[in-house]
Amino acid sequence: MATSSDIKIHRDHCRWSDERTLWHDDVRMWEQEIEELRGKLQRIEIALGRQKHELQVHAAAVRLYGERDARREHELACCEREGNEEKEMMLAQVHDTEISQQNRQRERHNELKASQRRLMSELRSLVQIADRLPPAADV
């Protein structure tokens, strides 16, 4: 016949086994939560990459339009100096196209500004969370 101490040991082992089973279930659930979150973080990474690309394209266009305007300004100054009214008229006609391009660039800049502000506003809480985590080198 088993002693009272043997029964207690047996019960403890059964209880611990049940407890460890629950712990394994918890760990599996937590791992699943982490994988779901990783997928969402990847979507955030993609969105940030897309936004950065859009900003780089816009910056390149701004730079090119600035260079074009500098060339046009130089051409106009030459025309004025040389008295070339025909070329001045041609530059004036081209200027109408440049006006619409500048307006489009202004619209695009405002779209990017709104997109950037929205994205940063939505992700600001992630920055605060990241700032509370240990540095990546310690992980």
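Just above sits the structure.
Residues numbered from 1 in each chain as written. Predicted model: local features only at pLDDT ≥ 70, side-chain atom pairs only at ≥ 80, totals over all residues. Heavy atoms only, no water.

Novice: Quick question: what am I supposed to make of the overall build of the protein chain here?
Specialist: Summing up its helical and strand segments, the protein chain has two helices and zero strands in all. Its C-alpha atoms give the protein chain a radius of gyration of 33 Å, more than 25% over the compact-globule value 14 Å for 139 residues. Along the first, second and third principal axes, the C-alpha atoms of the protein chain reach 120 × 25 × 15 Å. With 139 residues in all, the protein chain has 9% of them scored as buried. Sequence-distant contacts, at least 24 apart, represent 69% of the contacts inside the protein chain between residues at least 6 apart. By element, 56% of the accessible surface of the protein chain is carried by carbon and sulfur atoms, the whole surface being about 11,900 Å². Taken together, the 24 basic and 28 acidic charged side chains of the protein chain have centroids lying 4 Å from each other. (Helix = DSSP H or I, 4+ residues; strand = E, 2+ residues; numbered from the N terminus. Rg over C-alpha atoms; globule rule 2.2 N^0.38 Å. Buried < 20%, exposed > 50% of the residue type's maximum accessible area, 1.4 Å probe, protein only. Contact = heavy atoms within 4.5 Å. Areas by Shrake-Rupley, 256 points an atom, 1.4 Å probe, with all protein chains shown as cover. Lys, Arg positive; Asp, Glu negative; His and termini not counted. Charge placed at Lys NZ, Arg CZ, Asp CG, Glu CD.)

Novice: What am I meant to see in the pattern of salt bridges here?
Specialist: Any two side chains of opposite charge can pair, on the condition that their charged atoms come close. Here the structure, examined in full by the defined rule, presents eleven salt bridges. Among the salt bridges present, the one from Glu-107 reaches Arg-104, with a minimum N-O distance of 3.4 Å. Taken together, the residues Glu-107 and Arg-104, both in helix H2 (residues 85-132) and three residues apart, mark about one turn of the helix. Residue classification places Glu-107 among the partly exposed residues on the basis of a relative accessible area of 45%. When salt bridges that share partners are traced, they join Glu-54, Arg-104, Glu-107, Arg-108 and Glu-111 into one network. (Salt bridge = Lys/Arg side-chain N within 4 Å of Asp/Glu carboxyl O.)

Novice: Explain the packing of helix H1 (residues 4-82) against H2 to me, please; I cannot follow it from the model alone.
Specialist: Two packed helices can be described by the angle between their axes and the distance between those axes. Two elements in contact, H1 and H2, have axes separated by 10 Å at closest approach and are oriented at 155 degrees. On the basis of the axis angle, H1 is roughly antiparallel to H2. The handedness of the crossing between H1 and H2 is left-handed. Grouping the amino acids of the contact of H1 with H2 by side-chain chemistry returns 16 nonpolar, seven polar and nine charged. (Axes fitted to C-alpha atoms, helices over the stretch in contact; angles between N-to-C directions. Parallel < 35°, antiparallel > 145°, perpendicular 65-115°, else oblique. Left-handed = near helix turned anticlockwise from the far one by under 90°. Nonpolar A, V, L, I, M, F, W, Y, C, P; charged D, E, K, R; others polar.)

Novice: Mind showing me how you'd approach H1 here?
Specialist: What sets the pattern is the α-helix's 3.6 residues per turn: residues three or four places apart point alike. Helix length check: H1, at 79 residues, gives a terminal C-alpha distance of 115 Å against a target of 117 Å (1.5 Å per residue), a fit within 8%. All of the buried residues along H1 are Asp-12, Gln-51, His-58, Arg-68, Cys-78 and Cys-79. The elements touched by buried residues of H1 are H2. Backbone geometry just downstream of H1 places Gly-83 in the positive-phi region, at approximately 70 degrees. (Expected span 1.5 Å × (residues − 1).)

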